[in-house]
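Here is how the chains run, residue by residue.
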Amino acid sequence: MRKHLKKRFQTLSLTSRLCLILSAVFILSLIPLLHIGLYAHAAGDDFAFGLQAHLAWKETRSLPAVIHAALNTVKSYYYSWQGTYSSIFLMALQPAVISERLYPLTCVIMLAMLIGSHLFLFRTLFTFYLKLDKGMWVSLALSVLLLSIQILDSPGAAFFWYNGAVHYVFMHSCMIFLMAVLLLFLKTSKKSTQGICLLSACFLSFTAGGANYVTALLTPLLIALLTALSLLYKNKRGLLCFFPLFLALAGLGINASAPGNAVRMAEQIDSMEPLEAVYHSFLYALKGIGSWTTLYVVFFLLLLFPFLFGALYQKDFHFPLPGIPALFSFCLIAASYTPSLYSMGHVIIYERTLNIMRMFYYLLLFLNLVYFTGWITEKCRSYDTTFKLPGVLQEFRQKCSRSFCLSMGIFFLCLLLFSDKNQVTSLSAVDSLWKGYAQSYHAESLNRTILLSVDGVDEVWVPNFSVCPPLLNPQSLSTDPSEYPNPTIAAWYGKTTLHLSVIY
């Protein structure tokens, strides 16, 4: 059996081998995340935004009543705190509204959305447009996904805390799905597929317009860019992209004009004028790109470049002016900073916001890698008759492929060995599980739930946690029972007062 598998592996092309290895690494990296996700519990804003829906479920056990309560939550926050109607609706429907046992679905939902959206985008772009081999586009997608899952500012808020994850990662994934759907709409010849794609794009556009302001701003910018490109290349179907563009702008307008935004802005220490925010966005983008381009990013760029070169060398595709896509990409990265600078000024941007900004950077960087590599191969093809490059490439692959793969493997192992375990999501999960921190946190969370669920008691004391894994939410409570989030959690369990006892 072992010999048979080894023989089959040796018959695969180098690109297929790369794809197989990356797939194995990717799947293995998800196992500790799904495991530690079983120990996640609701915290903070999960209770605040889900309270009405939870009480509706307790009283009626009716899903329509829960949906109605979620809509009331959107209305309440729209006038009192923020206009992100899509996010708030989903925040109000967090899994623990029905049962706390369902909260571990958070990790599954967020990973599924992120992975599904990126695979769909890369498949559409590199199957219908550039026509790369499956092994190549899957390797590209997995590289972006590994970075987007493993190297983040706050992976806990990205995958294990529902409220923060649905507001950012889920909505960011909706935006990626939207771009994939529009790309498919512009290319497919089937009328039925065109209709489904356009309707889906309109729905996703309006949804993204009511998301966090990074996603809500980037969505119409990306649609406008795609529409302009389709019209530039005389694809008349691009005119229909104005429908999702209008809905994205309408959603952003509804979102930004919410009365609650003024209430929230009044509590900020600092803010900027629109033009000032745009100017500083470019300065912050330069710093952000510098800090996000880690050795892990360099590793994947070096790993993929020779495979991309070989794949694109065979394509008769025009890649003009590589600086133009890079410039537009930089402008889009800068635009992702603008909402935070406009609303909060020169302050530290929330880590959960930085998560999706970083994911977006990874995506654009690797798309630019494809474009830049294509531009290089296009230049090299013009010297074919002189240098006989295909033969040289083939000889180089035969002689150097093993040493290249070995050196990249050593590079990757060294990165893992000498990285801070809490800076790589799966390593952090393995460490917390191995030391029993996740299990202890879970047991203490269940103990809190038991104390809060006792009937006939209006005033409850719960202990603080002895330990909390970096990936899971500390569920911070105040020693003052009148301070947030104590009253909200007390109301969730039908209590009048919730105290925190500091034991550890």
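Residues numbered from 1 in each chain as written. Predicted model: local features only at pLDDT ≥ 70, side-chain atom pairs only at ≥ 80, totals over all residues. Heavy atoms only, no water.

### A look at the environment of leucine 321
As for its placement among the helices and strands, leucine 321 is situated in the loop between helix H15 (295-313) and helix H16 (323-344). Overall, leucine 321 belongs to the exposed group, its relative accessible area being 61%. On a C-alpha basis, the gap between leucine 321 and phenylalanine 372 in space is 9.0 Å, while along the polypeptide they are 51 residues apart. (Helix = DSSP H or I, 4+ residues; strand = E, 2+ residues; numbered from the N terminus. Buried < 20%, exposed > 50% of the residue type's maximum accessible area, 1.4 Å probe, protein only.)

### Comments concerning empty space enclosed by the protein
Scanning the entire structure with this criterion turns up one cavity of 30 Å³ or more. Approximately 180 Å³ is the volume found for the largest cavity. As for the largest cavity, its lining consists of 18 residues, of which Ala42, Phe47, Arg448, Gln475 and Tyr493 are closest to the centre. In terms of residues, the lining of the largest cavity owes the most to one element, helix H21 (residues 437-452), which gives four residues. Among the residues forming the lining of the largest cavity, the class breakdown is 11 nonpolar, five polar and two charged. (1 Å grid on protein atoms, 1.4 Å probe; cavity = no way out; pocket = protein on both sides within 12 Å on 5 of 7 lines; lining within 4 Å. Points joined across faces, edges and corners; volume = space filled by probe spheres on them. Nonpolar A, V, L, I, M, F, W, Y, C, P; charged D, E, K, R; others polar.)

### Section: the pattern of salt bridges
In total, this model carries two salt bridges according to the counting rule given. Its salt-bridge partner being aspartate 153, residue arginine 358 comes within 3.3 Å of it at the nearest N-O pair. Of this pair, arginine 358 sits in helix H17 (residues 351-381) while aspartate 153 sits in the loop between helix H7 (134-150) and helix H8 (155-159), placing them 205 residues apart in sequence. For aspartate 153, a relative accessible area of 27% corresponds to the partly exposed category. We note a salt bridge from lysine 435 to aspartate 431, for which the minimum N-O separation is 3.2 Å. By relative accessible area, lysine 435 is classed as partly exposed at 44%. Exposure remark for aspartate 431: the relative accessible area of 15% places this residue in the buried category. (Salt bridge = Lys/Arg side-chain N within 4 Å of Asp/Glu carboxyl O.)

### Here we look at the nonpolar core
Among the nonpolar cores identified, the biggest contains 145 residues, and Leu132, Leu140, Ile149, Phe159 and Tyr337 are the most heavily contacted of them. At 19 residues, the largest contribution of residues to this core is made by helix H9 (residues 162-187). If sequence neighbours within four positions are ignored, isoleucine 149 has contacts with Phe26, Leu30, Leu33, Leu111, Leu114, Ile115, Phe159 and Thr425. (Core = buried A, V, L, I, M, F, W, Y, C linked by side-chain atoms within 4.5 Å. Contact = heavy atoms within 4.5 Å.)

### Digging into the packing of aromatic side chains
Geometry of an aromatic ring pair is reported as the spacing of the ring centres plus the angle between the planes. Overall, the coordinates contain 21 aromatic pairs when judged by the stated rule. Look at tryptophan 292 and tyrosine 361: their rings are 5.6 Å apart centre to centre, the planes differ by 40 degrees, and that puts the pair in the tilted class. With tryptophan 292 in helix H14 (residues 274-292) and tyrosine 361 in helix H17, the pair connects residues that are 69 residues apart, well separated along the chain. Here tryptophan 292 matches tyrosine 361 in class, with each residue buried. Each member of the aromatic cluster is reached from another via a ring pair, and the members are Tyr284, Trp292, Tyr337, Tyr361 and Tyr362. Its end group placed over the ring of tyrosine 129, lysine 187 keeps NZ or CZ at 5.1 Å from the ring centre. One residue, lysine 287, lies across the ring of tyrosine 284, its end atom 5.5 Å from the ring centre. (Phe/Tyr/Trp six-rings, centres within 6.5 Å; stacked < 30°, edge-to-face > 60°. Lys NZ or Arg CZ within 6 Å of the ring centre and 35° of its normal.)

### Focus on the layout of surface pockets
Roughly 1,500 Å³ of volume is contained in the largest pocket. Around the largest pocket, the lining is made up of 36 residues, and of these Leu125, Leu183, Leu226, Leu229 and Tyr371 lie nearest the centre. Taken together, the elements giving at least two residues each to the lining of the largest pocket come down to helix H6 (105-129), H9, helix H11 (213-232), H16 and H17. Looking at the lining of the largest pocket residue by residue, the classes come out as 30 nonpolar, five polar and one charged.

### Here we look at the pairing of strand E2 (residues 497-501)
For strand E1 (residues 459-463) and E2, the ladder comprises five bridges, and the chain directions are parallel. Bridging from a neighbouring strand, glutamate 459 pairs with threonine 497 of E2. At this point the chain moves from E1, through helix H22 (residues 486-492), to the parallel E2, and the crossover so formed is right-handed. (Pairing = 2+ DSSP bridges. Right-handed = clockwise from strand over helix to strand, strands pointing away.)

### A word on the environment of serine 453
Secondary-structure assignment places serine 453 in the loop between H21 and E1. For serine 453, a relative accessible area of 40% translates into the label partly exposed. Residues serine 453 and asparagine 235 lie 218 residues apart in sequence; the distance between their C-alpha atoms is 61 Å. In this structure serine 453 touches Tyr493 and Lys495, once residues within four positions along its chain are discounted. Here the side chain of serine 453 touches threonine 449 through a polar contact of 2.7 Å, landing on its backbone oxygen. (Polar contact = N/O pair within 3.5 Å; in protein donor to acceptor, adjacent residues only side chain to side chain.)

### As for helix H4 (residues 63-80)
The first and last C-alpha atoms of H4 sit 26 Å apart over 18 residues, in line with the 26 Å expected at 1.5 Å per residue. Looking only at H4, the buried set comprises Val66, Ala69, Ala70, Thr73, Val74, Tyr77 and Tyr78. (Expected span 1.5 Å × (residues − 1).)

### Overview of unusual backbone geometry
Across residues other than glycine, the phi torsion is negative in most instances, and most of the peptide bonds are trans. Backbone torsion omega between tyrosine 484 and proline 485 reads 10 degrees, so that peptide bond is classified as cis. Take proline 485: it is sitting in the loop between E1 and H22. The phi dihedral of arginine 61 is positive, around 55 degrees, even though this residue is not glycine. Topologically, arginine 61 is positioned in the loop between helix H3 (45-60) and H4. A positive phi angle, near 45 degrees, is found at leucine 321, a position not held by glycine.

### As for the packing of helix H2 (residues 14-37) against H6
Relative placement of two packed helices is described by the angle separating their axes and the distance separating the axes. Across the interface, H2 lies against H6 with an axial gap of 10 Å and an inter-helix angle of 150 degrees. Overall, the two elements H2 and H6 adopt an arrangement that is roughly antiparallel. Contact residues: Phe26, Leu30, Leu33, Leu34 and Gly37 in H2; Cys107, Val108, Leu111 and Ile115 in H6. Class assignment for the residues of the contact of H2 with H6 results in eight nonpolar, one polar and no charged. (Axes fitted to C-alpha atoms, helices over the stretch in contact; angles between N-to-C directions. Parallel < 35°, antiparallel > 145°, perpendicular 65-115°, else oblique.)

### Some remarks on the packing of H11 against H16
Remark: H11 packs on H16, axes separated minimally by 8 Å, with the N-to-C direction vectors making an angle of 150 degrees. As summarised for this structure, H11 and H16 are arranged roughly antiparallel, according to the angle between their axes. Handedness of the crossing formed by H11 with H16: right-handed. Taken together, the residues of H16 that come into contact with H11 (itself represented by Tyr213, Val214, Leu217, Leu218, Leu221, Leu222 and Leu225) are Phe328, Leu332, Ala335, Ser336, Thr338 and Pro339. Of the residues contributing to the contact of H11 with H16, the split by class is 11 nonpolar, two polar and no charged. (Left-handed = near helix turned anticlockwise from the far one by under 90°.)

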